[in-house]
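Each chain, letter by letter, is given below.
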Amino acid sequence: MADAQWWQHAVGYEIYPQSFFDSNHDGVGDLPGIQTKISYLTSLGVDFVWLSAFYPSGQVDSGYDVTDYRGIDPQYGTLADFTALVTAFHAANIKVVIDLALNHTSSQHPWFQAAVQDPASPYHDYYVWRPATATTVPNNWESIFGGSAWTYVPAVDAAYLHTFAEDQPDLNWENSAVRREMAATIQWWADRGIDGVRLDGVTHLKKRQDFANVGHPRMDYYQDVAGTDVFLAALKPVLTRNQLFVIGEAGGIDMPTAQRWLDPQQGFFDLLLEFDHVHFWEKAEPKLPVAALRATLSKWQFGLEKSGGWNALFIENHDLPRAVSYYGNATDYRRRSAKALALWYLLMKGTPFIYQGQELGLPNAGFTQISQYRDLDSRLYYQQQRAAGVPAKQVLAQLAMGSRDNARTPMPWTHQQYGGFSDHEPWIQLAPGTDQINVERESHDPHSVLTFYQQLIRLKKSVPALEQGRYELIDTRDDQLYVYRRTLNGDNWLVVVNMSNQVATTQEFDLTTSELIFTNTEVDADSDDLEIHPWEARLYHLRKLE
Ligand code: GLC
């Protein structure tokens, strides 16, 4: 792959600006704060950052309810701060990807305000309106955050569609003016030096146009609706002209669509964030389904290998709980399981993403009261479940496992008060254990999760087979081990990870001709013992060809 694109050699890092670093003492992270931490990202081995939504916003959905696509929310700084940040990242050889929430705006956005105030305004048709009354909705479509997806506006005598919160009206992508606005917005940011965009929620853009009742009221009206390609095609010229790196958030996407959208010539995206391997979280199952993970991740590895697409590798983001708490074992094997998870997902074929704090092995927030939560989705869920008679204790236990706030806690930089994130009380409490789990301490500890991530990233980048080699699953047919090979021109590497709390043994692979290169535990390098300890992860270089 001599002409591989830069992002195929890259490691990405998602920054949640609200919780990264507070430079102006108000308890909220900001853009100048991010700028002071660039050398940390360099030392980790990061090549691009994805900045979560930072636009002026109603702050109903943590910035994903935009009131102005061409600005910075004052709590994060100014446009001048943004330009300075991009310049500083570029000086450090780090590219910048911004997050564009293009399925919906805030209800406070001037377009929506105009749409409501004057149905004859051109902005009226920027949104999706259907006949309704104060007591009847157009159909059974539901919001992802719960309840009907329609809200009636008396002044208009119609209801508007919102796939998410009531304060997040969906844009009408059938209207070519909306598509032109978004293309112009992307150009506007390209003119400010960005290198890429993450297009938020692209599988939500196209709605069924018959507005009929659907079988699954939270899903069937948008996902897999043919016609999204027309919308994406309207953005392609601006993306191509500016040579932007394009990531799509594509929940629920099927393989044929992903293969088409990732096609190097005809497609629209360089990487897609699909959620097949993380939707287990929604059910909050306590048991780790290793066999299901093998099937799911391998499906994507094989499917995109076949079509010439490229995988995005991730186990955390701002919408998911912490991986060490869910996939791993944050109670008995926190460090070891955090490292095992790192080795497991990062060495697959694709571009790895790290979400801030993941590289420290930071666990879930550990909140025990609803008043500690800030996330709208979590608070609405609590209200809905309580109204349905579910005991508070039970709902809080679910949130403690699955809430998005679990990963939105402040980044712990030091062992000091508020984790050195701020000298003011933060907008949300810290995760437990940051006296030990923090950047300062972990960067001086050769056995820390952070040091492990640094070494692993260096290793992946230095071995062509680990970057570009084919992925081959070795199916151990158990519910403990995840084993795969990476292979390129006869150079073979083997990854063995025990994703369970019990010792695992297997006959599925032979280690007699292999050399142990990297591991998260003390293993006797000369032993070909196939007892793999709980949460042990090993990388072997296979000396001979099969
Ligand atoms: C995207 C964002 C998520 C947000 C949602 C609706 O999925 O990642 O944080 O809640 O869009 O705005």
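Residues numbered from 1 in each chain as written. Predicted model: local features only at pLDDT ≥ 70, side-chain atom pairs only at ≥ 80, totals over all residues. Heavy atoms only, no water.

*Asks:* What should I look at first to understand the overall build of the protein in this one?
*Replies:* When you go through the protein residue by residue, the secondary structure sums to 15 helices and 18 strands. If you line up the protein on its principal axes, its C-alpha atoms span 75 × 50 × 50 Å. Counting over 546 residues, the protein shows a buried share of 60%. Taking the intrachain contacts of the protein between residues at least 6 apart in sequence as the baseline, contacts between residues at least 24 apart amount to 70%. Element-wise, carbon and sulfur atoms account for 50% of the exposed surface of the protein, whose accessible area totals about 21,100 Å². Averaging the locations of the 43 positively and 67 negatively charged side chains of the protein gives two centres separated by 3 Å. (Helix = DSSP H or I, 4+ residues; strand = E, 2+ residues; numbered from the N terminus. Buried < 20%, exposed > 50% of the residue type's maximum accessible area, 1.4 Å probe, protein only. Contact = heavy atoms within 4.5 Å. Areas by Shrake-Rupley, 256 points an atom, 1.4 Å probe, with all protein chains shown as cover. Lys, Arg positive; Asp, Glu negative; His and termini not counted. Charge placed at Lys NZ, Arg CZ, Asp CG, Glu CD.)

*Asks:* Is there a simple way to think about the domain arrangement of the protein in this case?
*Replies:* Accessible area lost during the coming together of the parts is what is often quoted as the interface size. Segmenting the protein into domains produces domain 1 (6-102 + 175-453), domain 2 (110-161) and domain 3 (468-542). Distance from the C-alpha centre of domain 1 to the C-alpha centre of domain 2: 29 Å. Both sides together, the interface formed by domain 1 and domain 2 hides about 1,900 Å², and carbon and sulfur atoms give 60% of it. In terms of surface lost to domain 2, no three residues of domain 1 exceed F211, R218 and Y221, which account for 34% of the buried area on that side. Across the contact surface, domain 1 and domain 2 share 1 salt bridge. Here E142 ties to R218 by a salt bridge, and the two come within 3.3 Å at their closest N and O atoms. Only helix 5 (176-190) and helix 11 (376-387) provide two or more residues apiece to the side of domain 1 that touches domain 2. Its residues assigned to classes, the side of domain 1 that touches domain 2 comprises 12 nonpolar, 5 polar and 7 charged. (Domains from an automatic or database assignment. Buried area = accessible area lost by both parts, 1.4 Å probe. Salt bridge = Lys/Arg side-chain N within 4 Å of Asp/Glu carboxyl O. Nonpolar A, V, L, I, M, F, W, Y, C, P; charged D, E, K, R; others polar.)

*Asks:* Just checking my understanding: could you explain the side chain of T185 for this structure?
*Replies:* Relative to the elements of secondary structure, T185 occurs in helix 5. In this structure T185 comes out as buried when scored by relative accessible area, which is 2%. Once you skip the residues sitting within four places of it in the chain, T185 turns out to touch Y69, R70 and L100.

*Asks:* Is there a simple way to think about the site of the ligand in this case?
*Replies:* Neighbouring the ligand are 13 residues; D61, H104, D200, H318 and D319 lie closest to it. Between the ligand and D200 there is a distance of 3.1 Å, counted from an oxygen atom to a side-chain nitrogen or oxygen. Summarising the interface, the protein chains cover 96% of the accessible area of the ligand, which totals 310 Å² for the free molecule. When its residues are assigned to classes, the shell around the ligand shows 3 nonpolar, 3 polar and 7 charged. (Near = heavy atom within 4 Å. Polar contact = N/O pair within 3.5 Å; in protein donor to acceptor, adjacent residues only side chain to side chain.)

*Asks:* Explain the packing of aromatic side chains to me, please; I cannot follow it from the model alone.
*Replies:* How two aromatic rings sit relative to each other is given by the distance of their centres and the angle of their planes. Tallied over the full model, the rule gives 42 aromatic pairs. An angle of 80° between the planes, with centres 5.0 Å apart, marks the rings of F48 and F245 as edge-to-face. With F48 in strand 2 (residues 48-51) and F245 in strand 8 (residues 245-249), the pair connects residues that are 197 residues apart, well separated along the chain. Neither F48 nor F245 differs from the other in exposure class; each is buried. Residues W173 and F231 carry aromatic rings whose centres are separated by 5.9 Å and whose planes lie at 40° to one another, so their mutual orientation is tilted. Remark: F231 occurs in helix 6 (residues 228-241) and W173 occurs in the loop between strand 6 (158-161) and helix 5; sequence separation between them is 58 residues. For the pair formed by W173 and F231, the shared burial category is buried. Here the aromatic residues F54, Y55, Y69, F82, W111, Y123, Y126, W188 and W189 are joined through ring pairs into a cluster of three or more. A cation sits over an aromatic face here: K37 above W413, 4.2 Å from the ring centre. (Phe/Tyr/Trp six-rings, centres within 6.5 Å; stacked < 30°, edge-to-face > 60°. Lys NZ or Arg CZ within 6 Å of the ring centre and 35° of its normal.)

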